[in-house]
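Listed below are the residues making up each chain.
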Amino acid sequence: MPHATLHIEGMSCAHCLNAVNRALRSLPGVEIESIQIGRADLRYDERSTSPTALAAAVTEAGYRATPTP
């Protein structure tokens, strides 16, 4: 499974971590390696999702996410 790192702006507390966690877990084919304030490291099934879709899910949860190489 490919690896993706998301840079996430707007996170500041445990509530933020939980919101991002829920948003990413709602997508099929996502394995969360770690979530920290400002960053998420993931593995994903490229047949089910993409780094752009991962970032969009976090953005829908109220944060600004950008996939980083």
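Values in this document were obtained by computation on a predicted structure and should not be read as measured data. (Residues numbered from 1 in each chain as written. Predicted model: local features only at pLDDT ≥ 70, side-chain atom pairs only at ≥ 80, totals over all residues. Heavy atoms only, no water.)

## Description of the sheet that holds strand E4 (residues 64-68)
In step 1: In space, the 4 strands of this open sheet follow the order E2-E3-E1-E4, with antiparallel pairing throughout. Only two strands of the sheet have a single neighbouring strand rather than two, namely strand E2 (30-36) and E4. Averaged over all adjacent pairs, the angle separating strand axes in this sheet is 25°, with direction ignored.
In step 2: Note: strand E1 (residues 3-9) against strand E3 (residues 39-44), 5 bridges, orientation antiparallel. (Pairing = 2+ DSSP bridges. Helix = DSSP H or I, 4+ residues; strand = E, 2+ residues; numbered from the N terminus. Axes fitted to C-alpha atoms, helices over the stretch in contact; angles between N-to-C directions.)

## Details of the pairing of E3
In step 1: Note that E2 and E3 share 6 bridges and pair antiparallel. Opposite glutamine 36, over in E3, you have arginine 39 as the bridge partner.
In step 2: Turn length for the E2-E3 hairpin, with the two strands adjacent in sequence and antiparallel, is 2 residues, and the turn residue glycine 38 shows positive phi of about 95°.

## Side note on helix H2 (residues 51-60)
In step 1: Looking at H2, one finds that the buried residues are Leu54, Ala55, Ala57 and Val58. Seen along its axis, H2 keeps its buried residues to an arc of 155°; they face one direction. Facing away from the buried side of H2 by more than 90 degrees, the exposed set consists of Thr52 and Glu60.
In step 2: In this structure, the buried side of H2 is in contact with E1, helix H1 (14-25), E2, E3 and E4.
In step 3: Looking one or two residues past H2, glycine 62 carries a phi angle of roughly 110°, positive in sign. (Buried < 20%, exposed > 50% of the residue type's maximum accessible area, 1.4 Å probe, protein only. Arc of directions from axis to C-beta. Contact = heavy atoms within 4.5 Å.)

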